[in-house]
Structures are given as structure tokens and as C-alpha cells.
Amino acid sequence: MYDVIIIGAGTAGLSASIYTSRAGKSTLLLEGYLPGGQIVSSKEIENYPGIKHISGADFASALYEQALSLGATIKYENATSIEGFPDKKVVRTDQATYECKSIIIATGATKRALGLEREQELTGLGVSYCAVCDGAFFKGKEVAVVGGGNTAVEDAIFLSAYCKKVYLIHRKDSFRAESRLVETLEARENVSFILESVATKLHGEGHLEGIDIKSKSGEKTFLPLDGLFVAIGQIPANDFCANMVALDPEGYIIAGEDCKTNAEGIFVAGDCRTKTIRQLTTASSDGTIAGLAACEYIDDLTH
């Protein structure tokens, strides 16, 4: 019987484990892939208070080591369901079953696909969802980024340092991204903007060779490309807990700034919950709040 089981070892989950472990609560982290979450793929972080510059991998590694040093346990298993009983909570994974007093869900979100025919087939063969991970493979080549938020613009900036040409394709005529980032991208000579347009078809045999683009006016064009980077948002990974906690229409766990779900003793932290801003700092903040809330809940059980 653990005091707390934290599902997900990204920034939110690891931050929560630091607080639960320091409070003397036995803490189990369940992670399906690698600790650190999406920030691992970021080349550079410059907006985390107190740290001028650090790579995402180094940040995640330091957070992971800190959590372990304080006594948290991590197991690399995928949570498949959670259940609540009067005297305990149960988390089932693809390998085992665990009991606990409180649960913190910090599963984050996955990259949203374009939904085009052959997209999965060409993933890894020219289609990518991580510019930092795969950008170096396209040095001196022509690529496009699809999206209009911070991630898309940051990806285009990153790729412009390696690639011969970078196109940024966005379905609207304005960006959700921070103006500072857009201005930085606009200053890159090898970047072109294709606005009010969408990608409609992928071309290539064995590897991506280009895409069809359709403008708002209905004009269709073929754009030859070596690589296509998709940055159009995320999908929360919350299906496994839909039986226990309330989700909004997009699949995010409904919770406010207190990180409390509708289920007693179950808390949520990070990108998988309903919120306006999803940043590294807000994930860390959520982890802090959820961790302390779980500790308070457990203490109340014993008094």
C-alpha cells in the first residue's frame, strides 16, 4: 500500500513526487515511456524562473534525479485503469496492480496528427512531430511546419538553422504564438509563411516528397518537401481514468487551480487537466499543488 501513486513522470508528476516524498509519504511514479515528458525534446529552455538557459533533457534529468534522491520509486509501466474503494484506491497497469491512499494523474498529452491518408505510413520517413528530435536529419533540405502556436513557431526557428528552406503553414492569417517568437521567425531569410492554408495530401513512395496545399480561396498547389513537421496541438492521455474522473469534451480532466478532481482523493496536475496556459512553469506549479493536496488528504484520513 503506497501513500501516493503518481501516474506520469513528466514535469508535473516529478514535481508532485518531490513534495509528497519530502512530506514522508511513500510515493510510486508510474511512467510508460521516459521520465521528463515532452520537455525532454526541447533544445533550450529560457523561460523557467531562476534558470537562464538549460536544455530540456538536462532539466528533466535533474528533476528526475531530485525525485529519486528524496525517496520516490519509479516503475516503467502503463496505467490501464484506476478504481476507488472506501478504504483504498487501485491502479492497474499493463504489468501489475497497486494499492494506494491517493492518486495524482499527470499523464500529459500526445501530439495531434493531421489525420491525412498515409500519415502514419510516412511517419519517420519525412513526417515528424518533433523538430528537435529529427531536425538534424534534414540539414540543407526543404521542410515545412504546420501550426500556429508557440511550438510550431519555435520548431520553424529551430529548423531554419539547419534547413535550406522552411515553410510555416497555418490555417489562419494570424498566430497564437507569442509575438516575440513570430518576429524572430520573420527575420529568418530562409523562412516563408503560407497562411490561410491547410495540407490536404501527402506524396512520396518510401519517403515524403511533397504535400498538396489548399488555400482559403480554394486554390490547390503542390509543395515539394523533404520533411513535414506537425505541431497542431495535443491530445490528453486520459482514457484510462474516464470511469473515475470527469472529463471535458476534449478529454481533459476537469479541475481548477486546486488540482482536485470530482473524485475524492484523486488529483490532477499538468497538461492533462483543463487550463488556459500549458507551460513548464504551470506544470511544475500543478505538481506542487497536487502533491501538497494529496498529503493533506492522506493526513486527514489518519485523524
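Preceding block: the structure.
Not measured: the values here are computed from a predicted model.

(A) Here's a closer look at helix α2 (residues 56-69). Taking 1.5 Å per residue as the helical rise, α2 with its 14 residues ought to reach 20 Å, and the 20 Å between its terminal C-alpha atoms agrees with that figure. Regarding α2, the residues found buried are Gly-56, Phe-59, Ala-60, Leu-63, Tyr-64 and Ala-67. End-on, the buried residues of α2 take up no more than an arc of 130 degrees, which puts them together on one face. Next to the buried residues of α2 lie α1 (11-22), β3 (73-75) and α7 (280-301). Directly beyond the C-terminal end of α2, a positive phi value near 115 degrees is found at Gly-71.

(B) Structural view of the packing of aromatic side chains. Enumeration according to the criterion identifies six aromatic pairs in this entry. A centroid spacing of 5.4 Å and a plane angle of 75 degrees characterise the contact between Phe-138 and Phe-229, whose relative ring orientation is edge-to-face. In this pair, Phe-138 sits in the loop between α4 (131-134) and β9 (142-146) while Phe-229 sits in strand β15 (residues 227-230), placing the two residues 91 residues apart along the sequence. Looking at Phe-229, the relative accessible area reads 0%, which means it is buried. Pairing Phe-175 with Phe-193 gives two aromatic rings, centres 5.7 Å apart and planes at 65 degrees, and the pair type is edge-to-face. A residue pair is termed long-range when its members are at least 10 positions apart, and Phe-175 in the loop between β10 (165-170) and α6 (179-186) and Phe-193 in strand β11 (residues 191-195) qualify at 18 residues. Looking at Phe-175, the relative accessible area reads 22%, which means it is partly exposed. Among the residues examined, Phe-193 registers a relative accessible area of 29% and is labelled partly exposed. The ring centre of Tyr-252 lies 4.1 Å from the NZ or CZ of Arg-278, which sits over that ring.

(C) The arrangement of the state of the cysteines in detail. With the rule as written, the count across this model stands at zero disulfides. Cysteine Cys-100 remains unbridged, with the sulfur of Cys-295 as its closest cysteine sulfur at 13 Å. With no disulfide partner, Cys-163 has as its closest neighbouring cysteine sulfur the one in Cys-130, 13 Å distant.

(D) Highlighting the pairing of β11. As judged from the five bridges shared by β10 and β11, these two strands associate in the parallel manner. Paired with Tyr-167 across the bridge in β11 is Ser-192. Remark: the β10/α6/β11 crossover connection has right-handed handedness.

(E) Expanded view of the nonpolar core. Ile-6, Leu-14, Leu-29, Phe-59, Ile-104 and Phe-267 are the most contacted members of the largest nonpolar core, which totals 30 residues. Taken together, the elements giving at least two residues each to this core come down to β1 (2-7), α1, α2 and α7. Ranked by the residues each element gives to this core, the list is headed by α7, at seven residues.

(F) Quick look at the pairing of strand β4 (residues 79-85). Pairing of β4 with strand β5 (residues 88-93), which is carried by six bridges, proceeds in the antiparallel orientation. For Ile-82, the partnering residue across the bridge sits in β5 and is Val-91. The loop that links β4 with its antiparallel partner β5 comprises two residues.

(G) Structural context of the sheet that holds strand β8 (residues 127-128). Spatially, five strands are ordered β8-β15-β9-β10-β11 in an open sheet, and the strand pairing comes out parallel. The outermost strands of the open sheet, each flanked by one partner alone, are β8 and β11. One ladder, built from four bridges, connects β9 with β15; its direction is parallel. Bridge pairing in β15 links Val-146 to Val-230. The strands that helix α5 (residues 150-160) touches are β9, β10, β11 and β15; relative to β9, the one it contacts most, it runs at about 165 degrees.

The rules behind the values
- Residues numbered from 1 in each chain as written.
- Predicted model: local features only at pLDDT ≥ 70, side-chain atom pairs only at ≥ 80, totals over all residues.
- Heavy atoms only, no water.
- Helix = DSSP H or I, 4+ residues; strand = E, 2+ residues; numbered from the N terminus.
- Expected span 1.5 Å × (residues − 1).
- Buried < 20%, exposed > 50% of the residue type's maximum accessible area, 1.4 Å probe, protein only.
- Arc of directions from axis to C-beta.
- Contact = heavy atoms within 4.5 Å.
- Phe/Tyr/Trp six-rings, centres within 6.5 Å; stacked < 30°, edge-to-face > 60°.
- Lys NZ or Arg CZ within 6 Å of the ring centre and 35° of its normal.
- Disulfide = S-S within 2.5 Å.
- Pairing = 2+ DSSP bridges.
- Right-handed = clockwise from strand over helix to strand, strands pointing away.
- Core = buried A, V, L, I, M, F, W, Y, C linked by side-chain atoms within 4.5 Å.
- Axes fitted to C-alpha atoms, helices over the stretch in contact; angles between N-to-C directions.

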